[in-house]
Amino acid sequence: MHAAVGDRLHIHSRSVGMVDQKGEIVEVRGAGGEPPYVVRFEDGHEGLIYPGPDCNIEPRPADR
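None of the values given here were measured: they were computed from a predicted structure. (Residues numbered from 1 in each chain as written. Predicted model: local features only at pLDDT ≥ 70, side-chain atom pairs only at ≥ 80, totals over all residues. Heavy atoms only, no water.)

A look at the nonpolar core
Reasoning step 1: Counting nine residues, the largest nonpolar core consists of Ala-3, Leu-9, Ile-11, Ile-25, Tyr-37, Val-39, Phe-41, Ile-49 and Cys-55.
Reasoning step 2: Mapped by element, the contributors of at least two residues to this core are β1 (8–11) and β3 (37–41).
Reasoning step 3: Among the elements that make up this core, the one with the highest residue count is β3 (three residues). (Core = buried A, V, L, I, M, F, W, Y, C linked by side-chain atoms within 4.5 Å. Buried < 20%, exposed > 50% of the residue type's maximum accessible area, 1.4 Å probe, protein only. Helix = DSSP H or I, 4+ residues; strand = E, 2+ residues; numbered from the N terminus.)

Describing the pattern of salt bridges
Reasoning step 1: Overall, the coordinates contain four salt bridges when judged by the stated rule.
Reasoning step 2: For the salt bridge of Asp-54 with Arg-14, the shortest nitrogen-to-oxygen distance reads 3.7 Å. Remark: Arg-14 occurs in the loop between β1 and β2 (21–28) and Asp-54 occurs in the loop between β4 (46–49) and β5 (55–58); sequence separation between them is 40 residues.
Reasoning step 3: With a relative accessible area of 19%, Asp-54 lands in the buried category.
Reasoning step 4: For Arg-14, a relative accessible area of 74% puts it in the exposed group.
Reasoning step 5: The residue Arg-40 makes a salt bridge to Glu-46 at a minimum N-O spacing of 2.9 Å.
Reasoning step 6: Overall, the relative accessible area of 43% leaves Glu-46 in the partly exposed class. (Salt bridge = Lys/Arg side-chain N within 4 Å of Asp/Glu carboxyl O.)

Description of the pairing of β4
Reasoning step 1: Burial of the side chains of β4 is restricted to one face: Gly-47 and Ile-49 are buried, whereas none of Glu-46 and Leu-48 on the reverse face is.
Reasoning step 2: In this structure, β3 lies alongside β4, joined through four bridges in antiparallel fashion. For Val-38, the partnering residue across the bridge sits in β4 and is Leu-48.
Reasoning step 3: Counted along the chain from β3 to the antiparallel partner β4, the turn is four residues long, and its residue Gly-44 has a positive phi close to 100 degrees. (Pairing = 2+ DSSP bridges.)

Some details on the sheet that holds β1
Pairing between the strands of a sheet comes from backbone hydrogen bonds, and it takes one of two forms, parallel or antiparallel.
Reasoning step 1: Spatially, the five strands line up as an open sheet ordered β4-β3-β2-β1-β5, and their pairing is antiparallel. Only two strands of the sheet have a single neighbouring strand rather than two, namely β4 and β5. Averaged over all neighbouring strand pairs, the angle between strand axes comes to 35 degrees, with direction disregarded.
Reasoning step 2: When β1 meets β5, the two strands line up antiparallel, connected through four bridges. Its bridge partner lying in β5, Arg-8 is registered against Glu-58. (Axes fitted to C-alpha atoms, helices over the stretch in contact; angles between N-to-C directions.)

The following block contains the structure:
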């Protein structure tokens, strides 16, 4: 999984009743776009993420 600053990370819920989490990648700490990523989530908190199989990375819009 490769990402860049500005890409969006979408973590799909694995349990009934839990909501998906979405955020913007604000820092890539691995070499060549590899994890871990620092992600700022929609609620404002930031976390260090090693994405698993329940995650999608959506490229940042071209106009950014």
